[in-house]
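Structural overview for review
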Amino acid sequence: MQYKQDQILRSVNSILENKAQAGHDINHTLRVKDLCLYIAGIEGGDVEVLEACALLHDIGRPEEIKNPGTDHAFISAQMAPGILKAAGFPAHKVESVIYSITNHRYSSKITPTSLEARILQDADRLDITGAVGIAMTFAYSGAYGHMLYHPDDPMCKKHKPDDNKYAMDHILSKLIQLPTSMHTNTARHIANKRNKFLLDFIDQFKQEITFVREREL
Ligand SMILES: [Fe+2]
Ligand SMILES: [Fe+2]
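What counts, and where the lines are drawn
- Per chain, residues are indexed from 1 in the order of the written sequence.
- Note on labels: chains are lettered from A, ligands numbered from 1, in written order.
- Local features in this predicted model are restricted to residues of pLDDT 70 or higher, and side-chain atom pairs are both shown and tallied only at a pLDDT of 80 or more, whereas totals for entire chains, interfaces and linings draw on every residue.
- Side-chain measures were taken over the full set of non-hydrogen atoms in the model, leaving aside hydrogen atoms and water.
- For the purposes of this entry, the term helix denotes a DSSP run of H or I that reaches at least four residues, the term strand denotes a run of E that reaches at least two, and both are numbered from the N terminus.
- In this description, contact between two residues means that some pair of their heavy atoms is separated by no more than 4.5 Å.
- Water is not among the atoms examined, so metal sites may look incomplete; donors are the N, O and S atoms within 2.8 Å of the metal, or within 3.2 Å for Na, K and Ca.
- The distinction between a cavity and a pocket rests on a 1 Å grid over the protein atoms alone: a 1.4 Å probe fits inside a cavity but cannot get out, while a pocket stays open yet meets protein on both sides within 12 Å along at least five of seven lines, and a residue with an atom within 4 Å of a point counts as lining.
- Grid points are joined across faces, edges and corners, and a volume is the space filled by probe spheres set on the points.
- Under the grouping applied here, Gly and all other residues not named as nonpolar or charged are polar, the nonpolar ones being Ala, Val, Leu, Ile, Met, Phe, Trp, Tyr, Cys and Pro and the charged ones Asp, Glu, Lys and Arg.
- What fixes the domain bounds is an automatic or database domain assignment.
- Defined in terms of a 1.4 Å probe, buried area is the accessible area two parts forfeit on being brought together, summed over both.
- Between Lys or Arg on one side and Asp or Glu on the other, a salt bridge is scored when a side-chain nitrogen of the former is within 4 Å of a carboxyl oxygen of the latter.
- We define a polar contact as two N or O atoms separated by no more than 3.5 Å, with the added condition that, inside protein, one atom must be a possible hydrogen donor and the other a possible acceptor, whereas residues neighbouring each other in sequence contribute only through side-chain atom pairs.
- Relative accessible area decides the class of each residue, using a 1.4 Å probe on protein chains only: under 20% of the type maximum gives buried, over 50% gives exposed, and in between gives partly exposed.
- Metal sites are grouped by the angles between bound donors: all angles between 85 and 135 degrees with four donors is tetrahedral, opposite donors over 155 degrees apart with the others between 65 and 115 is square planar for four donors and octahedral for six, and any other pattern is irregular.

1. Structural notes on the side chain of S181
Mapped onto the elements of the fold, S181 is located in the loop between α9 (167-173) and α10 (185-209). Ignoring anything within four residues of it in the chain, the contact list for S181 reads Y106, D122 and R125.

Here you go:
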């Protein structure tokens, strides 16, 4: 029996609608799904598993926002089976979807054992590289009232990066490192290309904040 992909997407849409964390809205989910399928086209992997885990990987975010300290990866993994079952998703593939969702977080520092879970991690991280990564960073930091950069140390040379206070600290300590964290060659290649744009952005940013008041950064 063919499962109903549209039904999964409708469920995800209704969960994330107007409740997603800044930048992590349905557009992020759809970009991650597209990236997963692109990477799988070159690296292999079960396309049905990838499509499902990409669509469902962040559905726990609204709950995590309501209850800080919880983990949206685990919440998403708990919510997913009901949605998959209702859509008629192949039962023998559910476990693989759940494993990928549970282990998708960058901060978990886990190298998953399945190809699909590694591709989901890559796609999720790829979506915070380059121009979109910059946009996501500032959307997030704006929503939480963070400053653009540390007033005395904008390039984060003297202080420990604090991305709970400064958007540039997030870019300089996390985004810039993302290409080295990719599991697949395909994702690493895309991430390296996008990182060139990120480095240009940092360079331009530096020039602009020192344009009038010259100082050593
Ligand atoms: Fe996530
Ligand atoms: Fe995500």
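So much for the structure itself; the text now carries on.
2. Observations concerning the coordination of the iron ion (ligand 1)
Within the protein, the atoms that donate to the iron ion (ligand 1) are D58 (OD), H72 (NE2) and H104 (NE2), at distances of 2.1 to 2.2 Å. Read in sequence order, the donor residues for the iron ion (ligand 1) give the motif D-x13-H-x31-H.

3. Focus: the layout of surface pockets
Of the voids in this model, the largest pocket is the one considered here, and its volume is about 690 Å³. If you trace the largest pocket, you find 30 residues lining it, with H24, R61, Y140, H170 and K174 closest to the centre. The biggest single contributor to the lining of the largest pocket is helix α8 (residues 130-143), with 5 residues. In terms of residue class, the lining of the largest pocket is made up of 8 nonpolar, 13 polar and 9 charged. Here the lining of the largest pocket spans two domains, and each of domain 1 (1-109) and domain 2 (128-217) adds at least three residues to it.

4. Some points on the domain arrangement of the protein chain
In terms of domain boundaries, the protein chain breaks down into domain 1 (1-109) and domain 2 (128-217). Residue-level contacts link 12 residues of domain 1 with 15 residues of domain 2. Here domain 1 meets domain 2 over a buried area of about 1100 Å², counting both sides, of which 71% is carbon and sulfur. A per-residue breakdown of the area domain 1 buries against domain 2 is headed by A22, E43 and Y106, which together make up 44% of the total. Our enumeration of links across domain 1 and domain 2 arrives at 0 salt bridges. Along the contact surface separating domain 1 from domain 2 lie 2 residue pairs in polar contact (both at pLDDT 80 or more). When the residues that make up the side of domain 1 that touches domain 2 are grouped by side-chain class, the tally is 6 nonpolar, 4 polar and 2 charged.

5. Details of the pattern of salt bridges
It is possible for side chains of opposite charge to pair when their charged atoms get near one another. Considering all chains together, one arrives at 8 salt bridges under this definition. For R61, the salt bridge goes to D58, with nearest N and O atoms at 3.5 Å. On the basis of relative accessible area, D58 is assigned to the buried category, the value being 1%. Here R105 ties to E64 by a salt bridge, and the two come within 3.2 Å at their closest N and O atoms.

6. Here's the deal with the coordination of the iron ion (ligand 2)
Within the protein, H28 (NE2), H57 (NE2), D58 (OD) and D124 (OD) serve as the donor atoms for the iron ion (ligand 2), at 2.1 to 2.2 Å. Of note is the iron ion (ligand 2), whose 4 donor atoms meet at the metal with angles of 84 to 174 degrees in an arrangement that counts as irregular. Donor residues for the iron ion (ligand 2) sit on one chain with the sequence pattern H-x28-H-D-x65-D.

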